[in-house]
Amino acid sequence: MTISVLYVLAGLGVLVTSADLFVRGSAAASGHLGMPPLLIGMIVVGFGTSAPEMLVSAVSSFQGNSGIALGNAFGSNICNIALILGITALIRPVSVTSGILKRELPVLASATIASAFMVFNGYLSRWEAVFLLFLFAGFLFWSFVHAVNVEKDSLGDEVAGNLEKEALSLKGGLVRSAVGLVLLVASSRILVTGSVNIAKALGVSDLMIGLTIVAIGTSLPELASSVTAALRNEHEIAFGNIIGSNMFNTLCVVGIAGTIRPIRIESSVLFRDMPVMAALTASLFITGYGFKGRPGRINRLEGLLLLVSYILYTGWIAAGYVRS
């Protein structure tokens, strides 16, 4: 048990470091290769911060631990909105003026509905998983078209400012992203191995471990980047991290895991986790979109409510396993 805990801690530590290397390196290299800052903010950063979820879920699915794979994806979405955005808004209220981010909110809501529809029958087949990946490819195309056609957006301005601060060369960016990717793969394997062993030792399902320990761990890159962005008054990046990561998790992470190995869905996912994820996504849309010409805004009170909701949700999970 002690060795398994050390595995998890080591895996999480390397995972966070490697994700940061991968995100910064990929963003810098993309900038040198002529990619617009807005597209970097919409796709490259979202892909980088979701890389831990992708690799952990892929490894879990290969090893037959579908509970960790699915729990990691849905649990990370819940963690991103309730825990990370809650903490970020408590530090500094988050204002959303980016037109691109506002357009992404209904797309994220639609992706959540599509994902819920796919797992509603208690089983995610390979064809359904491939369809989620097809939707994800459509999202990438949509992002590319909008990023190229939009001349100016506050998200792009913030990303451009960050790229200037980093001042990495093309070679430096490529080396960082390569090293980060190698470490991501290694740390994902270590984290999954330790998590499975802990689940067996405690007599709980791998789904619970995926929804809690693994989901929080793989969401640490989003926490670090969102909190840092909030402290710098980069509201669009802080909010965009959450939207982009959840979009990747909902379509790409679940799609990859289900393509590798079809997934049987536990009833608790259908009647507890999916409704919570859907409700939080709806709250993100309501607070972040802004209506009647007003900018979207998540104030400190709303941040506190999000944080409390995550604590209650985690308690709900724990109580369910105590009763069982």
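Conventions we followed
Residues numbered from 1 in each chain as written. Predicted model: local features only at pLDDT ≥ 70, side-chain atom pairs only at ≥ 80, totals over all residues. Heavy atoms only, no water. Helix = DSSP H or I, 4+ residues; strand = E, 2+ residues; numbered from the N terminus. Rg over C-alpha atoms; globule rule 2.2 N^0.38 Å. Buried < 20%, exposed > 50% of the residue type's maximum accessible area, 1.4 Å probe, protein only. Contact = heavy atoms within 4.5 Å. Lys, Arg positive; Asp, Glu negative; His and termini not counted. Charge placed at Lys NZ, Arg CZ, Asp CG, Glu CD. Core = buried A, V, L, I, M, F, W, Y, C linked by side-chain atoms within 4.5 Å. Phe/Tyr/Trp six-rings, centres within 6.5 Å; stacked < 30°, edge-to-face > 60°. Expected span 1.5 Å × (residues − 1). Bend = angle between axes of the 7 residues up to and from the residue. Salt bridge = Lys/Arg side-chain N within 4 Å of Asp/Glu carboxyl O. Patch = residues over 30% accessible without salt bridge, like charges linked within 9 Å, V, L, I, M, F, W, Y side chains within 5 Å. Areas by Shrake-Rupley, 256 points an atom, 1.4 Å probe, with all protein chains shown as cover. pLDDT = per-residue confidence, 0-100. Axes fitted to C-alpha atoms, helices over the stretch in contact; angles between N-to-C directions. Parallel < 35°, antiparallel > 145°, perpendicular 65-115°, else oblique. Left-handed = near helix turned anticlockwise from the far one by under 90°. Nonpolar A, V, L, I, M, F, W, Y, C, P; charged D, E, K, R; others polar.

Moving on, we get to the overall build of the chain. Helices and strands together make up the secondary structure of the chain, namely twelve helices and four strands. Taking 324 residues into account, the globule formula puts the C-alpha radius of gyration at 20 Å, and the chain, at 18 Å, falls close to it. Among the 324 residues that make up the chain, the fraction classed as buried is 53%. Excluding contacts between residues fewer than 6 apart, the proportion of contacts in the chain whose partners are at least 24 apart in sequence is 88%. Taken as two groups, the 20 positive and 17 negative side-chain charges of the chain have centres that lie 4 Å from each other.

The biggest cluster of nonpolar side chains holds 54 residues, and the ones touching the most others in it are Phe 74, Leu 124, Phe 239, Ile 265, Leu 284 and Ile 298. Every element with two or more residues in this core is listed here: helix H3 (66–91), strand S1 (94–96), helix H4 (99–119), helix H5 (126–149), helix H8 (206–218), helix H10 (235–260), helix H11 (267–289) and helix H12 (300–323). The leading source of residues in this core is H3, at twelve residues. Setting aside chain neighbours within four positions, we find Phe 74 in contact with Ser 115, Val 254, Val 269, Met 274 and Met 277. In terms of nonpolar packing, the next biggest core, distinct from the first, is built from 17 residues, Phe 22, Leu 191, Ile 198 and Val 214 among them.

As enumerated under the stated definition, the model contains five aromatic pairs in all. Note on Phe 136 and Phe 248: the rings are 4.9 Å apart at their centroids and 70 degrees apart in plane angle, and the pair reads as edge-to-face. Here Phe 136 is found in helix H5, whereas its partner Phe 248 is found in helix H10, with 112 residues between them in sequence. Of the two residues, Phe 136 and Phe 248, neither departs from the other in class, the shared state being buried. With 6.2 Å between their ring centres and 25 degrees between their planes, Phe 139 and Trp 142 make a pair best called stacked. Of the two residues, Phe 139 and Trp 142 both sit in helix H5, three residues apart, roughly one turn of that helix. Classification of Phe 139 as buried rests on a relative accessible area of 4%. A relative accessible area of 21% places Trp 142 in the partly exposed class. Taken together through their ring pairs, the aromatic side chains of Phe 136, Phe 139, Trp 142 and Phe 248 make up a single cluster.

Over its 26 residues, H10 extends 36 Å from the first C-alpha to the last, a length consistent with the 38 Å expected when each residue adds 1.5 Å. Bending of H10 peaks at approximately 40 degrees at the position of Asn 249. Within H10, 23 of the 26 residues are buried, which leaves the element mostly enclosed by the surrounding structure.

If the charged atoms of two oppositely charged side chains come close together, the side chains can form a pair. Taken as a whole and judged by the stated rule, the model has one salt bridge. In this structure, Asp 273 engages Arg 272 in a salt bridge whose closest nitrogen and oxygen atoms are separated by 2.8 Å. For the pair shown, Asp 273 and Arg 272 are each scored as buried.

For Thr 250, the position within the fold is in helix H10. Among the residues examined, Thr 250 registers a relative accessible area of 0% and is labelled buried.

A grouping of Leu 301, Leu 304, Leu 305, Val 308 and Leu 312 is seen on the molecular surface, where their side chains present a nonpolar patch of about 490 Å² in accessible area. Within the secondary structure, Leu 304 sits in helix H12.

Further remarks concern the confidence of the model for the chain. In low-pLDDT segments, the atomic positions of the prediction should not be examined closely. In the predicted model, the chain carries a mean pLDDT of 81, and the fraction of residues at 70 or more is 92%. Mean pLDDT values over the elements of the chain span from 69, in helix H6 (residues 154–166), up to 92, in strand S2 (residues 123–124).

As a further point, take the environment of Gly 244. The topology assignment puts Gly 244 in helix H10. Residues Gly 244 and Ser 219, 25 residues apart in the sequence, show an inter-C-alpha distance of 12 Å.

Given a rise of 1.5 Å per residue, twelve residues ought to cover 16 Å, and the 17 Å separating the end C-alpha atoms of helix H9 (residues 220–231) matches this to within 8%. Among the residues of H9, those classed as buried are Pro 221, Glu 222, Ser 226, Val 227, Ala 229 and Ala 230. A positive backbone phi angle near 65 degrees is found at Asn 233, which sits one or two residues after H9.

Let us now look at the packing of H3 against H11. The geometry of a pair of packed helices is captured by two quantities: the angle between their axes and the separation between those axes. Two numbers describe how H3 lies on H11: the axes approach to 10 Å, and their chain directions differ by 40 degrees. Considering their axes alone, H3 and H11 lie oblique with respect to each other. Where H3 crosses over H11, the two elements pack in a sense that is left-handed. Contact with H3, carried on its side by Leu 70, Phe 74, Asn 77, Ile 78, Ile 81, Ala 82 and Leu 85, involves Val 269, Asp 273, Met 274, Val 276, Met 277, Leu 280, Thr 281 and Leu 284 of H11 and no other residues of that element. Residue composition of the contact of H3 with H11, by class: twelve nonpolar, two polar and one charged.

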